[in-house]
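Structural characterization, general
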Amino acid sequence: MRRLLPAFDGLEVVFVSVHSAYAEQVSGNRFYAVRDVTRWDRIGLAILVAQLTLILLRERPRVVVTTGSAPGMISLALAKCLLRSKTMWIDSIANCEQVSLSGMRAKRFCDVWLTQWPHLQRTDGPECWGAVL
Amino acid sequence: MIFVTVGSMMAFDRLIISMDKWARAHADTDVLAQIGEGTYRPNHMRWTRMLAPSKFQEVVHDAALMVAHAGMGSYFVAAEMHKPIVMLPRLAANREHTTDHQLHTIKWLRDRPGVYAAMRDAELDSAIDKAMAGGRIAGPDFMNFAPEPFLRRVRHFLVT
């Protein structure tokens, strides 16, 4: 996400990460840390959903952008369902042979659904606008 | 100094155990490992669970070589700091990650300058030797931000 920062220039941006230590890399912006989960962790998942819901209701973002994994996918789903925010999924550049599982699940909550790999582009999505590298 | 990292999320004891053995055999080399949530505690190298991002960058800056899981974040830091990096992919079969995407990542990254792939832990030794002898760095022409056309399209989406 830090590689996309110039695109956010001058906008009011709130960051959410699973690592509180990343706050120092976006100092000057509001920052929230949430629980990190994988799909193996049911209790963690419930806590994460509660945390994200509170953040979304407080901040009411017009747009939500994520580069992925399970917490990102859940954020997009909640933002779309609760707030009708505009949503963008940018599948990690690490997924060069197939879109991630979280990415596949995020599809129905996205206004823009992106892969970073041209060969993974399909007419019914995902699109490829380029890569962060 | 060699900096070993499993990234910031899940344990990756296979890498840490292998590198602890390596450190025992190379007692003259200073090795520091970020072991995350791993249960194995190294005996032959310095270790920490998690470094703050700024401290992490400082350590990479001071390191001659990074040895890491095949995560994009690790590659980005190595490239940003122009360091050689040895990468060992996590495997889903060992429950080291939820999927085998690190195998895909390494297949794509391994041909880049400064990236030395160890597909199995048994290959770590030779990958480290190659990296030390090779003198190539990751990301010789690395830019800190995504390419301009991509940024422009994301910007357009954000503001309209």
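Up top is the structure these notes are about.
The sections below set out a description of the structure shown in this document. By convention here, each chain's residues receive numbers from 1 onward along its written sequence. For naming, the first written chain is A and the first written ligand is 1, with later ones following in the order written. Under the rules for a predicted model, residues below a pLDDT of 70 receive no local features and side-chain atom pairs below 80 are neither given nor counted, while totals for whole chains, interfaces and linings still include all residues. Just so you know, side-chain values use all the structure's heavy atoms and leave hydrogens and water out.

Focus: the sheet that holds strand E4 (residues 86–90) of chain A
Spatially, 4 strands are ordered E3-E4-E5-E6 (chain A) in an open sheet, and the strand pairing comes out parallel. In this open sheet, the two strands that pair with only one neighbour each are strand E3 (63–66) and strand E6 (127–128) of chain A. Residue contacts are defined here by distance: any two heavy atoms, one from each residue, within 4.5 Å place the two residues in contact. Lines fitted to C-alpha atoms define the axes here, with helix axes fitted over just the stretch in contact, and angles between the N-to-C directions of these axes take values from 0 to 180 degrees. By definition, any uninterrupted DSSP run of H or I lasting at least four residues is a helix, any uninterrupted run of E lasting at least two residues is a strand, and each is numbered from the N terminus. Across the sheet, helix H6 (residues 148–159) of chain B is in contact with E3, E4, strand E5 (112–115) and E6 of chain A; its angle to E4 of chain A comes to roughly 160 degrees. Strand pairing is assigned whenever DSSP detects at least two bridges linking the two strands.

As for the environment of Pro 71 of chain A
Residues and elements named next belong to chain A. Its place among the elements puts Pro 71 in helix H2 (residues 69–83). Relative accessibility thresholds used throughout: buried, under 20% of the residue-type maximum; exposed, over 50%; partly exposed, between the two (1.4 Å probe, protein chains only). In this structure Pro 71 comes out as buried when scored by relative accessible area, which is 8%. Apart from the residues within four sequence positions on either side, Pro 71 is in contact with Val 18, Asp 36, Val 37, Leu 48 and Leu 52.

Observations regarding the interface of chain A and chain B
In this assembly, 41 residues from chain A lie in contact with 37 residues from chain B. Salt bridges are identified by distance alone: a Lys or Arg side-chain nitrogen within 4 Å of an Asp or Glu carboxyl oxygen. Across the pair Glu 97 of chain A and Lys 107 of chain B runs a salt bridge, and its minimum N-O distance is 3.3 Å. For this analysis, a polar contact is any N or O atom pair within 3.5 Å, provided that within protein one partner can donate a hydrogen and the other can accept it, and provided that sequence-adjacent residues contribute only side-chain to side-chain pairs. At the junction of chain A and chain B, the tally comes to 13 residue pairs in polar contact (both at pLDDT 80 or more). Sorting the residues of the side of chain A that touches chain B by element identifies E3, E4 and E5 of chain A as the ones contributing at least two each. It is E4 of chain A that provides the largest number of residues to the side of chain A that touches chain B, a total of 4 residues. The classification used treats Ala, Val, Leu, Ile, Met, Phe, Trp, Tyr, Cys and Pro as nonpolar, Asp, Glu, Lys and Arg as charged, and all other residues, Gly among them, as polar. Here the residues of the side of chain A that touches chain B sort into 24 nonpolar, 6 polar and 11 charged.

Considerations on the nonpolar core
Remark: nonpolar core denotes a set of buried residues (Ala, Val, Leu, Ile, Met, Phe, Trp, Tyr, Cys) joined through side-chain atoms within 4.5 Å. Formed by 52 residues in total, the largest nonpolar core has its most connected members in Met 88 of chain A together with Phe 3 and Phe 150 of chain B. Considering every element that reaches this core, the biggest residue donor is helix H3 (residues 72–80) of chain B, with 6 residues. Those residues within four positions of Met 88 of chain A in sequence are excluded, and the remaining contacts are Val 64, Val 65, Thr 66, Leu 76, Val 112, Leu 114 and Trp 129 of chain A together with Val 154 and Phe 157 of chain B. Of all hydrophobic cores here, the second largest spans 23 residues; its members include Leu 15, Trp 22, Leu 88 and Ala 127 of chain B.

Side note on the pairing of strand E1 (residues 14–17) of chain A
Residue and element names in this part refer to chain A. Every second residue of E1 is oriented toward a common face, the buried set being Phe 15 and Ser 17 and the non-buried set Val 14 and Val 16. Summarising the sheet, E1 and strand E2 (residues 30–33) pair through 4 bridges and their orientation is parallel. Bridging across to E2, Val 16 finds its partner in Tyr 32.

Thoughts on the pattern of salt bridges
For the coordinates displayed, the defined rule picks out 11 salt bridges over all chains. Of the charged contacts, one joins Lys 80 of chain A and Asp 111 of chain A as a salt bridge, the two residues approaching to 2.9 Å between their closest N and O atoms. Of this pair, Lys 80 of chain A sits in helix H2 while Asp 111 of chain A sits in the loop between helix H3 (101–106) and E5, placing them 31 residues apart in sequence. The exposure class assigned to Lys 80 of chain A is buried, which follows from its relative accessible area of 15%. Asp 111 of chain A sits in the partly exposed class, given a relative accessible area of 43%. The residue Lys 55 of chain B makes a salt bridge to Glu 58 of chain B at a minimum N-O spacing of 3.5 Å. Taken together, the residues Lys 55 of chain B and Glu 58 of chain B, both in helix H2 (residues 53–62) and 3 residues apart, mark about one turn of the helix. In this structure Glu 58 of chain B comes out as partly exposed when scored by relative accessible area, which is 45%.

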